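# Commentary on secondary and tertiary structure
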Amino acid sequence: MPEGGEMTFWDHLDALRGTLVRMLVAVLLCSVAIFCMKTWVFDGLIFAPTRPDFFVYQWLKADVNVNLVNLDISAQFFTHIKVALMLGLIVSFPYLIFELWRFIAPALYQREKSAVKKAFGFASVLFYLGVAVGYIFVFPVTLQFFQGYSISESLTNTFSLQSYISMLTSLVLLFGIVFEFPSVLAVLSKMGLVTRNTLRKYRRHAIVAILVVSAIITPADPVSMLIAAAPLYLLYELSVFVCAKEVKGV
């Protein structure tokens, strides 16, 4: 049985409420600080992929110069808030993981607690790695494709501010979440639900799924698709490595 005394339903509910409140406050505090750094955040970070000097374009020898327009009276203000919240979530992620760990730890067996603690400790590293891959590689490649795609020579691609921010936030957070895959599998493996042999058995299926996902995320040329697929495949191999070879007895 889990260590410590038993808690009632209302005790658990009260603990959960306190955890959620602290997590929300952490995100809001980080978001407010980021909101006050408007020039650096947007000119130095958010809009950097729209400029041809972004280093990924130079590496790919791509000609990218995206023009953004604002079509809504209040769009810039709400975009400022949305970006601040997104970055606040990213910056505060290690603390959010800590709060989540502190909430579930009392309910775990000692064997499970050790495994989950290690996985949670690694979760922040993987999350930031995923965010970096999404921002540095996947989003610019996707943006490059859509900037050059045209159904008629009479049309010129000029993106709205809202569509640009929506795609950026979606891809960056998506890759941050996807990169948590090894941490989740490590916990499931310690609990005897997943084994290394199982992942090896379905490696070919995983490769096909990764290629399909990469083609959807970056509907561009094969090189762009492989750029997105490579980190996902390495992530799968990392998941294989962290999983136990076989299910151990309880």
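Preceding this paragraph is the structure being described.
Below is a short write-up of the structure. (Residues numbered from 1 in each chain as written. Predicted model: local features only at pLDDT ≥ 70, side-chain atom pairs only at ≥ 80, totals over all residues. Heavy atoms only, no water.)

## Re the overall build of the chain
Of the regular secondary structure elements, the chain holds 11 helices and 2 strands. When its helices and strands are written in sequence order, the chain yields α-α-α-β-α-α-α-β-α-α-α-α-α. Buried positions account for 38% of the 250 residues belonging to the chain. Excluding contacts between residues fewer than 6 apart, the proportion of contacts in the chain whose partners are at least 24 apart in sequence is 80%. (Helix = DSSP H or I, 4+ residues; strand = E, 2+ residues; numbered from the N terminus. Buried < 20%, exposed > 50% of the residue type's maximum accessible area, 1.4 Å probe, protein only. Contact = heavy atoms within 4.5 Å.)

## Side note on the pattern of salt bridges
Counting across every chain of the model gives 4 salt bridges. A salt bridge links Glu 99 to Arg 22; its shortest N-O distance comes to 3.1 Å. Taken together, the residues span a long stretch of sequence, with Glu 99 in helix α5 (residues 93–104) and Arg 22 in helix α1 (residues 9–35) at a distance of 77 residues. Assessed through its relative accessible area of 1%, Glu 99 is described here as buried. A cluster of three or more residues bridged by salt bridges with shared partners is formed by Arg 22, Glu 99 and Arg 102. (Salt bridge = Lys/Arg side-chain N within 4 Å of Asp/Glu carboxyl O.)

## Some points on the packing of helix α4 (residues 75–91) against helix α7 (residues 161–178)
Relative to each other, α4 and α7 sit at 10°, their axes nearing to 11 Å. If you check the angle between α4 and α7, you find them roughly parallel. Along its contact with α4, which presents Ala 75, Gln 76, Thr 79, Lys 82, Val 83, Met 86, Leu 89 and Ile 90, the element α7 presents Leu 161, Gln 162, Ile 165, Ser 166, Thr 169, Val 172 and Leu 173. Its residues assigned to classes, the contact of α4 with α7 shows 9 nonpolar, 5 polar and 1 charged. (Axes fitted to C-alpha atoms, helices over the stretch in contact; angles between N-to-C directions. Parallel < 35°, antiparallel > 145°, perpendicular 65-115°, else oblique. Nonpolar A, V, L, I, M, F, W, Y, C, P; charged D, E, K, R; others polar.)

## Let's talk about the packing of aromatic side chains
Summed over the entire model, instances satisfying the criterion amount to 11 aromatic pairs. Taking the centre distance of 6.4 Å and the plane angle of 40° together, the rings of Phe 175 and Phe 179 count as tilted. Counting every residue linked through ring pairs, the aromatic cluster contains Phe 42, Phe 47, Phe 139 and Tyr 164. (Phe/Tyr/Trp six-rings, centres within 6.5 Å; stacked < 30°, edge-to-face > 60°.)

## Focus: the side chain of Ser 160
Mapped onto the fold, Ser 160 is located in strand β2 (residues 159–160). Aside from chain neighbours lying at most four places away, what touches Ser 160 is Leu 68, Val 69 and Leu 71.

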